[in-house]
Amino acid sequence: MPRIVAPMWCMATSNRPGRPWGWVLAGAFALAPPASAALFGNAELTRQTQALQQQTQALQQRVDALDARLDKLDASLQKNQQMLDLLQEVEALKAELAKLRGQAEVQKHQLDTMGKRQNDLYADLDQRLTDLARTAQSAPPAAVSPQLDAQAESQSYEAALKLFRGTDYNGAITAFREFLKAYPDGAMAANAQYWIGYSYYALKDYKTSLANQQKLVAAYPASPKAPDALLNVAANQIALDNLDGARKTLKELVAKYPGTQAATLAAKRLSALK
């Protein structure tokens, strides 16, 4: 406990009987807080207040920085969402493209199958014509050239036709050309010329096929193969994007060879080209 020392005048008055005012004043002065202590408390409070303000400012700066960062993240997320949507759309388009390609492959296979069946039908029809020609060649010698060996001609033709049926189109072209050299006036000469043209068509050499079929029509206009040759001429013209020429050829076929199967097909193709 600190010792309280009263001023002298207080002690003097305190010796007077019945008047202890000095001691009272001394006690009051002792209990009153010093002025320096009050000043020290105000300074500490100010310092703490300033420190809190600084901390508050620092926190506010961090909050602002975090808000800015969140805004950037939101913008980035929106861009990423757009990219994700685009990627999903691309994947959907890829799936649709794959589906269409599959459908195209199926249709191509069907067309190839139909083309092969058509070739087989033509070959079968041609075989029947060959048999008829062989029967005609067995008739009296007056109807057949004496120099023509019917059996050898038939064997040569059937060998070339077999190559065509086996889709060896290059081999068939060579074999039919050799047949025409050996039997230019044979009963199956027009047929051989037709299969040469059709073999080129199967090889997608449309210009050469066109020339060979036109050669058949010019050389053998009365042949049963002439309508089929004109039909193949039109097919080549369509493949070469000569639609006007194809229409003209099909009209010519319908006019020149009415009632034939080729003319019926020509009429249908004319309707499709309109």
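As shown above, the structure is provided for reference.
Scoring rules and cut-offs
Residues numbered from 1 in each chain as written. Predicted model: local features only at pLDDT ≥ 70, side-chain atom pairs only at ≥ 80, totals over all residues. Heavy atoms only, no water. Helix = DSSP H or I, 4+ residues; strand = E, 2+ residues; numbered from the N terminus. Buried < 20%, exposed > 50% of the residue type's maximum accessible area, 1.4 Å probe, protein only. Contact = heavy atoms within 4.5 Å. Core = buried A, V, L, I, M, F, W, Y, C linked by side-chain atoms within 4.5 Å. Salt bridge = Lys/Arg side-chain N within 4 Å of Asp/Glu carboxyl O. Expected span 1.5 Å × (residues − 1). Arc of directions from axis to C-beta. Axes fitted to C-alpha atoms, helices over the stretch in contact; angles between N-to-C directions. Parallel < 35°, antiparallel > 145°, perpendicular 65-115°, else oblique. Left-handed = near helix turned anticlockwise from the far one by under 90°. Nonpolar A, V, L, I, M, F, W, Y, C, P; charged D, E, K, R; others polar.

Our focus in this paragraph is the environment of L180. With respect to the helices, strands and loops of the structure, L180 is situated in helix α5 (residues 169-182). Residue class for L180 comes out buried when judged on its relative accessible area of 17%. The spatial distance from the C-alpha of L180 to the C-alpha of S156 is 9.9 Å, given a sequence separation of 24 residues. Residues contacting L180, with those up to four places away along its chain left out, are A189, A192, Q193 and I196.

For the rest of this paragraph, the subject is the nonpolar core. Ranked by internal contacts, the top residues of the largest apolar core, which has 35 residues, are Y157, F176, F179, W195, L250 and L253. Counting only elements with at least two residues in this core, the list comes to α4 (150-165), α5, α6 (189-202), α7 (206-219), α8 (225-239), α9 (243-256) and α10 (261-273).

What follows concerns the pattern of salt bridges. When their charged atoms lie close together, side chains carrying opposite charge are able to pair. According to the stated counting rule, one finds 2 salt bridges in the structure shown. Salt-bridge contacts for R247 lead to D244; the nearest nitrogen and oxygen are separated by 3.0 Å. With R247 and D244 both in helix α9 and 3 residues apart, this pair spans about one turn of that helix. The class of D244 is exposed, set by a relative accessible area of 60%.

Once that is clear, we can look at α9. Helix length check: α9, at 14 residues, gives a terminal C-alpha distance of 20 Å against a target of 20 Å (1.5 Å per residue), a fit within 8%. Within the sequence span of α9, burial applies to G245, A246, T249, L250 and L253. Buried residues along α9 cover an arc of 135 degrees about the axis, so they all sit on one side. Across from the buried face of α9, at angles greater than 90 degrees, the exposed residues are D244, K248, K251 and A255. Elements in contact with the buried residues of α9: α8 and α10.

Bringing unusual backbone geometry into the picture now. In this structure, T167 takes a positive phi of about 65 degrees despite not being glycine. In this fold, T167 is placed in the loop between α4 and α5. Residue class for T167 comes out partly exposed when judged on its relative accessible area of 42%. Unlike most non-glycine residues, K204 shows phi in positive territory, near 65 degrees.

This next bit is on α5. Compared with an ideal rise of 1.5 Å per residue, which puts 14 residues at 20 Å, α5 spans 20 Å between its outermost C-alpha atoms and is within 8% of the ideal. All buried positions along α5 are accounted for by Y169, G171, A172, I173, A175, F176, F179 and L180.

Turning our eyes to something else, we now look at the side chain of Q193. Take Q193: it is sitting in helix α6. Assessed through its relative accessible area of 5%, Q193 is described here as buried.

Let's shift gears to the packing of α6 against α7. Look at α6 against α7: their axes get within 7 Å of each other, and the N-to-C directions meet at 165 degrees. When the axes of α6 and α7 are compared, the pair comes out roughly antiparallel. The way α6 lies across α7 gives a crossing that is left-handed. Note on element contacts: α7 touches α6 through Y206, T208, S209, N212, Q213, K215 and L216, opposite A190, Q193, Y194, I196, G197, Y198, Y200 and Y201. Per-class residue counts for the contact of α6 with α7 are 8 nonpolar, 6 polar and 1 charged.

Everything listed here is a matter of coordinates, which is why it stays silent on function.
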